[in-house]
Amino acid sequence: MKLHILPPSPNSHGCIAVVKHLKLEDKIEIVNAYGKTRTDEFLAINPCHCCPTLEMDGDDGAIWESNAVMRFLCKKFDTEGELYPTDIVKAGRVDMVLDWRQTTFYPCIPNIGYVVFGMPCDETKAKEDFKKLIDVHFKTLLDVFLKDTPYCFSEKPTIADLAIAPVITFIKARAKFWDAVPDAIKEYHTRVLEAFPGVEENFKMLDGMTTSYSGDGADAEP
Amino acid sequence: MKLHILPISANSHGCLAVVKHLKLDEEGKVEIVDAMGKTRTDEFIAMNPCHCCPTLEFDDDKGAIWESCAVMRALCEMNAGGEDLYPADPITRAKINMVMDWKTSSIYPDLFHLAYMMFGVEVDEVMAKKQFAKLLETHFPVLLNVFLKDTPFCFSDKPTIADLAVAPIITLLKGRKKFYEKVPDAVKEYYQRVYDAFPGANEYFKMLDDMCSNYDGPGADAEP
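Residues numbered from 1 in each chain as written. Chains lettered and ligands numbered in written order. Predicted model: local features only at pLDDT ≥ 70, side-chain atom pairs only at ≥ 80, totals over all residues. Heavy atoms only, no water.

Undergrad: I'd like to hear about the sheet that holds strand β2 (residues 29–32) of chain A, residue by residue, with values.
TA: Residues and elements named next belong to chain A. Spatially, the four strands line up as an open sheet ordered β2-β1-β3-β4, and their pairing is mixed. Strand pairing shows two members of the sheet lacking a second neighbour, β2 and β4 (62–64), which therefore form its edges. Between one strand and the next, the sheet's axes are offset by a mean angle of 20°, whatever the strand orientation. With four bridges joining them, strand β1 (residues 2–5) and β2 adopt parallel strand pairing. Counted as the bridge partner of K2 is E29 from β2. Contacts from helix α3 (residues 66–77) reach β1, β3 (53–55) and β4 within the one sheet, and its direction differs from that of β4 by about 125°. (Pairing = 2+ DSSP bridges. Helix = DSSP H or I, 4+ residues; strand = E, 2+ residues; numbered from the N terminus. Axes fitted to C-alpha atoms, helices over the stretch in contact; angles between N-to-C directions. Contact = heavy atoms within 4.5 Å.)

Given below as structure tokens:
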């Protein structure tokens, strides 16, 4: 199989972490797809031209959407249920957090973080979205998902944590926003990233891009 | 278990369809609870601090989960016959999961300005036009030419929870008649095909359909 990724993208980081953690490098080739997602070859694999994309063996085609890729990799290879529990209730909670990340948490990130990719961002919305993170979503993360455990509903990190933590790095693009992020969130972010040393290179790539960003919005007040 | 729902909400309809299809309410395994007006009570918030629906309350003090796709997955995993709606084969399941994630990451966010005025939320009419253009130019082609390319349902000959995540939200477009006229016939046919496959949830589908079809407030008569 081939896992097509964009090296600095947190949407790719979770999938890379699963491959490295489960030691699947002999089964899954990690391919840097930067600059290639609009080629005819890539579009034939994934007409939605996005990453991560998991190209499966034989005629099984490909799947994309980072959470779907992580779930598949775990279902196929994580027989112990280490990163994606086999217990149905526990898996239900991980699924809920993965979906919350999609429906609720991640939409607050683009206007804050996509400045580092040179994309136009709405500064007013960036402030509004950050306020939502501070007033609501970080509290859900800390007081609900991390209420009794160091990772989301779990003593050990799962793919739910891999969906959330790498994304938090985006906020570093705006130093004054980052100053206002609760310490408990920063500690969680560090805890998850440190649990997956195999992805350090990719985590550092995004960290470097965000902390050294000095373009429009870098100095904005939250 | 208890499934707390909002009867009119498309996000609850998929879960309701699963319960009815697997006869979980008839067999006493899942009690459907109308949570309209109750999601901010202390009791509900103790169960779900995010005060949203659908919420699946487990038995035996095992707590609750929310997020519609997570609930549908759990209902299928925990009950006999669930494989019908959420295939066990890893590759097929991965494709179903991908469609559910696409629903939350891509198509559903582009319904906000098109539909939420029906729930009394302020929307931006310029954004509504832009979002509809994206549906026509990007999301509907992905649905028809990728997910439904070779099969009548998303990557499947039979409807699954991926279809239950996608089809009910298409009803929301009926709130703007001139927009709905421009929805491709193939999308309308797919949407009807999914609805017809889950007659047990008809009552709920009809509630939303009636609300949207009869809506005549701001934006109802807008041009796409």
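Undergrad: Summarise the nonpolar core; cite the residues concerned and give the values.
TA: Counting residues in hydrophobic clusters, the biggest one holds 154 residues, and the most contacted among them are A:L54, A:I171, B:F147, B:L173 and B:Y190. Ignoring any residue separated from it by four or fewer positions in sequence, one finds B:Y190 in contact with B:L143, B:L148, B:P152, B:F153, B:C154, B:D163, B:V166, B:A167 and B:I170. Membership of the second largest hydrophobic core comes to five residues, among which are B:F44, B:M47, B:C53 and B:A64. (Core = buried A, V, L, I, M, F, W, Y, C linked by side-chain atoms within 4.5 Å. Buried < 20%, exposed > 50% of the residue type's maximum accessible area, 1.4 Å probe, protein only.)

Undergrad: Go over a nonpolar patch on the surface with me, naming the residues and quoting the values.
TA: Together, B:F112, B:F119 and B:V121 make up a nonpolar patch on the protein surface, roughly 220 Å² of accessible area in all. Among the structural elements, B:F119 can be located in the loop between α5 (112–115) and α6 (125–147). (Patch = residues over 30% accessible without salt bridge, like charges linked within 9 Å, V, L, I, M, F, W, Y side chains within 5 Å. Areas by Shrake-Rupley, 256 points an atom, 1.4 Å probe, with all protein chains shown as cover. Salt bridge = Lys/Arg side-chain N within 4 Å of Asp/Glu carboxyl O.)

Undergrad: Outline the interface of chain B and chain A, listing residues and values.
TA: On the chain A side, the residues contacting the 30 residues of chain B number 27 residues. For chain B, the biggest contributors to the area lost against chain A are B:E67, B:M98 and B:D101; these three give 22% of the whole. For the pair chain B and chain A, the interface holds two salt bridges. Applying the counting criterion to the chain B and chain A interface returns six residue pairs in polar contact (both at pLDDT 80 or more). Broken down by secondary-structure element, the contributors of at least two residues to the side of chain B that touches chain A are β4 (64–66), α3 (68–78), α4 (90–107) and α6 of chain B. Residue contributions to the side of chain B that touches chain A peak at 12 residues, all from α4(B). By residue class, the composition of the side of chain B that touches chain A is 18 nonpolar, five polar and seven charged. (Buried area = accessible area lost by both parts, 1.4 Å probe. Polar contact = N/O pair within 3.5 Å; in protein donor to acceptor, adjacent residues only side chain to side chain. Nonpolar A, V, L, I, M, F, W, Y, C, P; charged D, E, K, R; others polar.)

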